[in-house]
Amino acid sequence: MLKELIYTGLGGALLFKEKVEDELKKLEEKGKLDTKDIKSFMESLEQKGKESDEKFKTELKSTIKEIIDELGLATKEDLAKLKEDLK
């Protein structure tokens, strides 16, 4: 389910990017924007997207860790410590 949610988000982001690029090309063809402005805008959008992606990943990891703690599930570290203690 989580995987599907992530793929849906990525698909939406790609669709949004394509729509923005199409609209910018139309404005460029009409002479309302020049190539330099479009490139700068797209780079800005891409940077914001990367920052948003990193924030999402960080928040997702934090949430998953909280859920694991609440459920009392063993982590890799817990298992490694147990293995060492049993030696």
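The numbers attached to residues start from 1 for each chain and follow its sequence in the written order. Local features in a predicted model are, by the rule used here, given only for residues with pLDDT of at least 70; side-chain atom pairs are given and counted only at 80 or more, and totals for whole chains, interfaces and linings are based on all residues. Side-chain numbers here rest on the full set of heavy atoms in the structure, without hydrogens or water.

Chemist: Hey, could you go over the pattern of salt bridges for me, with residue numbers and the actual values?
Modeler: Each reported salt bridge corresponds to a side-chain nitrogen of Lys or Arg within 4 Å of a carboxyl oxygen of Asp or Glu. With the rule as written, the count across this model stands at four salt bridges. Put simply, Lys 81 and Asp 85 hold a salt bridge, and the shortest N to O gap is 3.2 Å. Highlighted residues: Lys 81 and Asp 85, both in helix α3 (residues 76–86), separated by four residues, approximately one helical turn. In this structure, Lys 81 and Asp 85 share a single accessibility class: exposed. Between Glu 84 and Lys 87 there is a salt bridge; the shortest N-O distance is 3.5 Å. The secondary structure listing takes helices from DSSP runs of H or I that are at least 4 residues long and strands from runs of E that are at least 2 residues long, numbered from the N terminus. A simple rule labels every residue: compare its accessible area, found with a 1.4 Å probe on the protein chains alone, to the largest value its type can have, and call it buried under 20%, exposed over 50%, or partly exposed in between.

Chemist: Talk me through helix α2 (residues 35–71); I want residue IDs and the actual numbers.
Modeler: Residues lying three or four places apart along an α-helix face the same way, a consequence of the helix completing one turn every 3.6 residues. The end-to-end C-alpha distance of α2, which contains 37 residues, comes to 53 Å, matching closely the 54 Å that a straight helix rising 1.5 Å per residue would cover. Residue Gly 72 follows α2 closely and has a positive phi angle near 70 degrees. Multiplying 1.5 Å by the residue count of a helix minus one yields the expected span of that helix.

Chemist: Please provide a residue-by-residue account of a nonpolar patch on the surface, values included.
Modeler: Nonpolar side chains (Val, Leu, Ile, Met, Phe, Trp, Tyr) are joined into patches within 5 Å and like charges within 9 Å, using only residues with over 30% relative accessible area and no salt bridge. The accessible surface values rely on the Shrake-Rupley method and a 1.4 Å probe; as for residues, cover is taken only from the protein chains in view. A contiguous nonpolar patch, built from Ile 6, Leu 10 and Phe 56 and spanning about 250 Å² of accessible area, is present on the exposed surface. Mapped onto the fold, Phe 56 is located in helix α2. By relative accessible area, which is 40% here, Phe 56 ends up partly exposed.

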